[in-house]
Amino acid sequence: MAPVWGKPFLTYLLDQLHDAGINHIVLATGHMHEVIDHYFRNGYRGMTITFSCETTPLFTGGAIVQAAQYIHSEHFLVLNGDTLFNIDFAQLWDVHTSRNADLTIALRQVPDTGRFGAVSCSNGRIMAFHEKTESSGAGVINGGIYAIRREWLMTQNMPDKFSFEKELMQPLAGAEGFYGLSFDNYFIDIGIPEDYHRAQQEFPSLFPADLFLFLDRDGVLNKQIVGDYVRNWSMWQWLPNVLPALVQLTNRYERIFIVSNQQGVGKGLMSASDLENIHQHMLKAITEAGGMIDAIYTCTELESAHSPNRKPDIGMAMQAKHDFPEVDFSRSVMVGDSISDMHFAANAGMRAVYLSNNKPVPEEVQDITDLTCQTLASLGL
């Protein structure tokens, strides 16, 4: 969860898997697992997430075996959580499954193997591992991504707690069914401060960040009044820690917009000037806290009017695009607490973040949402 370029390092790994067509992730967690649980909940970008939590330390091998109990396919992939290796997952998968291999490691050529230890191969088979103290200079290293045949792993009769690298892989060097496949793609291990700092410098050009943030209002910034509307400022209640969260978001995004259906005006429960007065007070509080909202767009027509400005239609997004031509929907995020907000994001081509407000997440939302969080404050951006 260490932040890199404004978001947790783990999200870059999950983005890789999403782009590779993966639809189910098992996260092996342990100490402070609640941080990861609360951030990702049960899904990310349409992928289902299952948590395999260690109650006692299992080391790498025990953690993989425990996580494998949640996997039902014949083969599966394993990634180290602190390493990003931008390989062609389809190529690794195809080579591994075509051989029906027991284990295939993604390998990386590096100028100095001294930090990692070296791997020796012959005709694609893993023949030996060399400890860090035994290797230096250019060579091939273990890139921390594995394709594994599940049945083979589950019949190794390993103890509950063991090192996957030292107690399983090293003794198997030279065995049939144990392969390596080399890639020359971008590789970084943020396990040491120097490379963690390097990631901060390199990721902006490698992984362009989202620049534009669209926020729903009621249920995101303020407490939603069920069966009624915020008709004047005295009825407004900020949700916990929203103002500090908006300060963080202001520092991250180039533009922040509020897009809100407000048919209370259309129903005659309040006037357009009442709505404007509420927003003036809201903006004043956000500015005084150190945040900024670039523009507010509302649709005050009744739902029956079928206005193109009413979410889930994207009229308000198009207004923002007109007023701020630099807005790029492909680099935009919509944060909301309703199904219409998620459809608004999908219709505009934005990433979608659903705020559950500690309520069950509707199944329909899970299918169209990139990320689910409890509140704006817990988004952790």
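Whatever comes next refers back to the structure up there.
In this structure, Leu 14, Phe 40, Phe 203, Leu 221, Val 335 and Leu 376 are the most contacted members of the largest nonpolar core, which totals 59 residues. For this core, the leading source of residues is helix H1 (residues 9–19), giving six residues.

For the rest of this paragraph, the subject is the pattern of salt bridges. All chains considered together, the criterion is met by 15 salt bridges. Linking Arg 115 and Asp 189 is a salt bridge whose minimum nitrogen-to-oxygen distance equals 3.8 Å. Placement of the pair is Arg 115 in the loop between strand S8 (103–110) and strand S9 (118–122) and Asp 189 in strand S13 (residues 187–189), with a sequence separation of 74 residues. Overall, the relative accessible area of 27% leaves Arg 115 in the partly exposed class.

The next subject is helix H7 (residues 193–206). Over its 14 residues, H7 runs 20 Å from end to end, which matches the ideal 20 Å to within 8%, given 1.5 Å per residue. Considered for burial, the residues of H7 that qualify are Asp 195, Ala 199 and Phe 203. Tucked into the core, H7 has its buried residues touching strand S1 (3–4), H1, strand S7 (83–85) and S13.

Now for the packing of aromatic side chains. Evaluated as defined, the whole model comprises 18 aromatic pairs. Judged by centre distance (6.2 Å) and plane angle (85°), the ring pair of Phe 85 and Phe 183 falls under edge-to-face. Here Phe 183 lies in strand S12 (residues 178–183) and Phe 85 lies in strand S7, a separation of 98 residues in the sequence. On the numbers, 5.3 Å between centres and 40° between planes, the contact of Tyr 146 with Phe 164 is tilted. Of this pair, Tyr 146 sits in strand S11 (residues 139–149) while Phe 164 sits in helix H6 (residues 164–172), placing them 18 residues apart in sequence.

The subject of this paragraph is a nonpolar patch on the surface. Where nonpolar side chains cluster on the molecular surface, the patch consists of Met 1, Met 32 and Val 35 and spans about 260 Å² of accessible area. Given a relative accessible area of 52%, Met 32 falls into the exposed group.

Right, let's talk about the environment of Met 282 for a bit. Mapped onto the elements, Met 282 comes out in helix H9 (residues 272–289). A relative accessible area of 0% means that Met 282 is categorised as buried. In the structure, Met 282 is positioned 145 residues away from Gly 137 in sequence and 60 Å away in space, judged by C-alpha atoms. When residues no more than four places from it in sequence are discounted, the contact partners of Met 282 are Arg 217, Leu 221, Trp 233, Trp 236, Trp 238, Ile 258 and Ile 296.

About the criteria used
- Residues numbered from 1 in each chain as written.
- Predicted model: local features only at pLDDT ≥ 70, side-chain atom pairs only at ≥ 80, totals over all residues.
- Heavy atoms only, no water.
- Core = buried A, V, L, I, M, F, W, Y, C linked by side-chain atoms within 4.5 Å.
- Buried < 20%, exposed > 50% of the residue type's maximum accessible area, 1.4 Å probe, protein only.
- Helix = DSSP H or I, 4+ residues; strand = E, 2+ residues; numbered from the N terminus.
- Salt bridge = Lys/Arg side-chain N within 4 Å of Asp/Glu carboxyl O.
- Expected span 1.5 Å × (residues − 1).
- Contact = heavy atoms within 4.5 Å.
- Phe/Tyr/Trp six-rings, centres within 6.5 Å; stacked < 30°, edge-to-face > 60°.
- Patch = residues over 30% accessible without salt bridge, like charges linked within 9 Å, V, L, I, M, F, W, Y side chains within 5 Å.
- Areas by Shrake-Rupley, 256 points an atom, 1.4 Å probe, with all protein chains shown as cover.

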